2 protein chains.
Amino acid sequence: MNETLRAFMDEKIPEIERELMNQLAKSDIPDVLHESMTYSVEAGGKRIRPLLVLAVLHDLDSDSADALRVAASVEFIHTYSLIHDDLPCMDDDDFRRGKPTNHTVFGEDIATLAGDAMQAMAFQALAELRETNVSDALELVGLLAKASGAQGMVKGQVLDMKGEQRVLPLAELEEVHIHKTGALLSYCIEAGAVLAQATEEQRTQLRRFSKNIGLAFQIQDDILDVTATTEQLGKPANSDTSSEKSTYPSLLGLDGARAQLKERHEEALDALQSIGLGNSVLQLLADYIIERNM
Amino acid sequence: MNETLRAFMDEKIPEIERELMNQLAKSDIPDVLHESMTYSVEAGGKRIRPLLVLAVLHDLDSDSADALRVAASVEFIHTYSLIHDDLPCMDDDDFRRGKPTNHTVFGEDIATLAGDAMQAMAFQALAELRETNVSDALELVGLLAKASGAQGMVKGQVLDMKGEQRVLPLAELEEVHIHKTGALLSYCIEAGAVLAQATEEQRTQLRRFSKNIGLAFQIQDDILDVTATTEQLGKPANSDTSSEKSTYPSLLGLDGARAQLKERHEEALDALQSIGLGNSVLQLLADYIIERNM
């Protein structure tokens, strides 16, 4: 990994994880609920979403005492969606990131409620921002609700479920991903831009960046599912192929998927260059997302 | 029913239901998700929570163009909690209010996602208030998140589930209800008070009112479960008794539960009288909640 990015991640990830634990440390949460929420938040992952929020602030030379709280907030939304996604009535996964899923440890009832509570906690965190002016904070609430709800992430999950029953044309596959993973990734960039008081031109180009990086993220996911080993992924490799789900490699072939990935990557970098962020942490994060092998 | 209350409800309930449908009419929601969300919102119920919001505004001689949106928002939270509560991994109920539950019609996966999306929609509605000043709107976001999350409604659900395995002492039973149903009912009163710019003294007494009315609501629920018929309830009567769950009648006997109900009712009315609302829609709603037979 690039050394600048490594240093950025080594500095920020522990801060993000401390903030997540701070948010979870509210009094009055029943023990089993707290344990269940903490379990999934600690299960970790790459913290890509919070890192994107912080990278925007960094690259725009901005700083906000609320940045970590906003970053943690989106990680709560992401984590709640994983807990619910793994439930037997959804994807029915027993393992995620090499660890037993929430419901296999705490039961489906607690897992459902832990996800519900985590969604509320995300909005509570935004309501408790202290340095951000209230109209920006309220804008973040609206953007996060839209990105995560029936017009965003949940929409993508529904389209994905419906799509499993047939072969999707490429446009529909993109529609799934733009919502299922793209909406929340785009929110991260947008949230960073709000906190950094970015200009309209910056926001427009950052949106172009995040749309392309969101799709690239998913294409790489699909490619890895074909090419990586089970050990690298922490979940069964080829799990998508075995369920005959439409993926970029299944629609375009592996080479075609890689060509798409390259195109998305280049457009994302072009968007950054157009606002003078050609050599930025965002660009390094984009490279990392696209070149990762797990 | 009292005629003044009847008139208030006849005026307000159709407005509330129109606002709920307006909120659901966002573009870009996939059909099956929209149908599932609409199904449970239309399944209705008494709209007690939105009515409480509107009653506070009415009784404090206040008006807000945002009142209906705030009222609808809390009904979304209530409805999402019912959808998730009915799931097989939770209470496993096939019927609610005499209609098949959401998951029996749309499947558990869509029901889970419809609940998730409905929670986001509640916060999105608050972010889109137009007449309320932004700091009040953000306060509502924080209050609603706290009332519905790990320190509020979800906490109550967890305590309730854990409590099913043994006989609870009265104090623990109250702790369940103060969170499971009380927190959201109290939020409704508080939200009305925020919109009405109520004084500190009014807010304090309204909190005393809502705490007592919340418990009274639950005591009456428990009493009805023993005394009402299955037809009146729209769900199997004696469902709590048959699962050996702790209830007010099981702990205090039917007479003891009725005495508690009377005491809570009187304290709620005393709180209203102390701020000159002895003869108000809130008082009539309290009477209705306590004297209802379904």
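Chemist: Help me out: how do you make sense of helix α2 (residues 31–42) of chain A in this one?
Modeler: For an α-helix, the turn length of 3.6 residues means that residues three or four places apart are oriented alike. With 12 residues, α2(A) should cover 16 Å at 1.5 Å per step; its first-to-last C-alpha distance of 16 Å lies within 8% of that length. When α2(A) is considered as a whole, its buried residues turn out to be Leu33(A), Ser36(A), Met37(A), Thr38(A), Tyr39(A), Ser40(A) and Val41(A). Looking at the packing, one finds that the buried side of α2(A) touches α1 (3–24), α4 (67–86), β2 (99–100), α5 (102–106) and α6 (108–127) of chain A together with α8 (153–163) of chain B. Count one or two residues on from α2(A) and you reach Gly44(A), which has phi positive near 80 degrees.

Chemist: I'm lost on the interface of chain A and chain B in this one. Help?
Modeler: Where the parts come together, the accessible area they lose is often given as the size of the interface. Contacts between the two partners involve 45 residues from chain A and, on the opposite side, 45 residues from chain B. Approximately 3,800 Å² of surface area, both sides summed, lies buried where chain A meets chain B, with 74% of it carried by carbon and sulfur atoms. Looking at the side of chain A facing chain B, the largest losses of area belong to Leu113(A), Leu138(A) and Gln151(A), adding up to 16% of the total buried there. Between chain A and chain B we count zero salt bridges in total. The interface formed by chain A and chain B includes 12 residue pairs in polar contact (both at pLDDT 80 or more). In terms of residues, the side of chain A that touches chain B owes the most to one element, α6(A), which gives 13 residues. Grouping the constituent residues of the side of chain A that touches chain B by class yields 26 nonpolar, 11 polar and eight charged.

Chemist: Sorry if this is basic, but what is going on with the packing of α4(A) against helix α8 (residues 153–163) of chain A here?
Modeler: Working note: a packed helix pair is described by the angle between its axes plus the distance between those axes. Residue and element names in this part refer to chain A. Contact geometry for α4 and α8: axes closest at 12 Å, N-to-C directions at 25 degrees. Between α4 and α8, the angle falls in the class roughly parallel. Considering only the axes of α4 and α8, their crossing is right-handed. Taking contact as the criterion, the partners of Ile77, Tyr80, Ser81 and Asp85 in α4 are, on α8, Met153, Val154 and Gln157. Of the residues that constitute the contact of α4 with α8, the class distribution is four nonpolar, two polar and one charged.

Chemist: Help me out: how do you make sense of the environment of Glu19(A) in this one?
Modeler: All names here are of chain A. Mapped onto the fold, glutamate 19 is located in helix α1. Sequence-wise, glutamate 19 and glycine 214 are 195 residues apart; in three dimensions their C-alpha atoms are separated by 25 Å. Here glutamate 19 is in contact with Leu68, Arg69 and Ala72, once residues within four sequence places are set aside.

Chemist: Sorry, what's going on with the relation of the copies chain A and chain B here?
Modeler: Its rotation angle being 180 degrees, the transformation that places chain A on chain B also includes 0.0 Å of axial translation and leaves an RMSD of 0.0 Å. The operation mapping one copy onto its partner corresponds to a two-fold rotation axis. Same-surface contact between copies: 100% of interface residues of chain A are shared with the interface of chain B.

Chemist: How should the nonpolar core be read in this particular structure?
Modeler: Inside soluble globular proteins, nonpolar side chains tend to come together where they are buried. Counting 198 residues, the largest nonpolar core has Leu282(A), Leu33(B) and Leu282(B) as its most contacted members. Excluding residues that lie within four positions of it along the chain, Leu282(B) makes contacts with Leu52(B), Ala55(B), Val56(B), Asp59(B), Ile189(B), Leu206(B), Phe209(B), Leu272(B) and Leu277(B).

Chemist: Would you mind showing me how to read the packing of helix α10 (residues 200–227) of chain B against helix α14 (residues 281–291) of chain B here?
Modeler: Residue and element names in this part refer to chain B. Two elements in contact, α10 and α14, have axes separated by 8 Å at closest approach and are oriented at 20 degrees. Relative to α14, α10 is oriented roughly parallel. Handedness of the α10/α14 crossing: left-handed. In contact with Leu206, Phe209, Ile213, Ala216, Phe217 and Gln220 of α10, α14 contributes Leu282, Ala286, Ile289, Ile290 and Glu291. For the contact of α10 with α14, a count of residues per class yields nine nonpolar, one polar and one charged.

Chemist: Help me out: how do you make sense of the packing of aromatic side chains in this one?
Modeler: Think of a pair of aromatic rings as described by two things: how far the centres are apart, and how the planes are tilted against each other in angle. Following the criterion strictly, the structure yields three aromatic pairs over all chains and no others. With centroids separated by 5.6 Å and ring planes inclined at 70 degrees, the aromatic side chains of Tyr39(A) and Phe106(A) adopt a geometry described as edge-to-face. Residue Tyr39(A) is found in helix α2, and its partner Phe106(A) is found in helix α5; the two are separated by 67 residues along the sequence. Each member of the pair, Tyr39(A) as well as Phe106(A), carries the same accessibility label: buried. With a centroid separation of 4.5 Å and 15 degrees between ring planes, the pair formed by Phe123(A) and Phe123(B) is classed as stacked. Separated into two different chains, Phe123(A) in helix α6 and Phe123(B) in helix α6 (residues 108–127) make up a pair that spans both. Judged by relative accessible area, which is 0%, Phe123(A) ranks as buried. For the cation-ring pair, Lys99(A) lies above Tyr39(A), with the distance from its terminal atom to the ring centre recorded as 4.2 Å.

Conventions adopted
Residues numbered from 1 in each chain as written. Chains lettered and ligands numbered in written order. Predicted model: local features only at pLDDT ≥ 70, side-chain atom pairs only at ≥ 80, totals over all residues. Heavy atoms only, no water. Helix = DSSP H or I, 4+ residues; strand = E, 2+ residues; numbered from the N terminus. Expected span 1.5 Å × (residues − 1). Buried < 20%, exposed > 50% of the residue type's maximum accessible area, 1.4 Å probe, protein only. Contact = heavy atoms within 4.5 Å. Buried area = accessible area lost by both parts, 1.4 Å probe. Salt bridge = Lys/Arg side-chain N within 4 Å of Asp/Glu carboxyl O. Polar contact = N/O pair within 3.5 Å; in protein donor to acceptor, adjacent residues only side chain to side chain. Nonpolar A, V, L, I, M, F, W, Y, C, P; charged D, E, K, R; others polar. Axes fitted to C-alpha atoms, helices over the stretch in contact; angles between N-to-C directions. Parallel < 35°, antiparallel > 145°, perpendicular 65-115°, else oblique. Left-handed = near helix turned anticlockwise from the far one by under 90°. Least-squares fit on C-alpha atoms with pLDDT ≥ 70 in both. Core = buried A, V, L, I, M, F, W, Y, C linked by side-chain atoms within 4.5 Å. Phe/Tyr/Trp six-rings, centres within 6.5 Å; stacked < 30°, edge-to-face > 60°. Lys NZ or Arg CZ within 6 Å of the ring centre and 35° of its normal.

The quantities given are spatial measurements derived from coordinates; they are silent on function.
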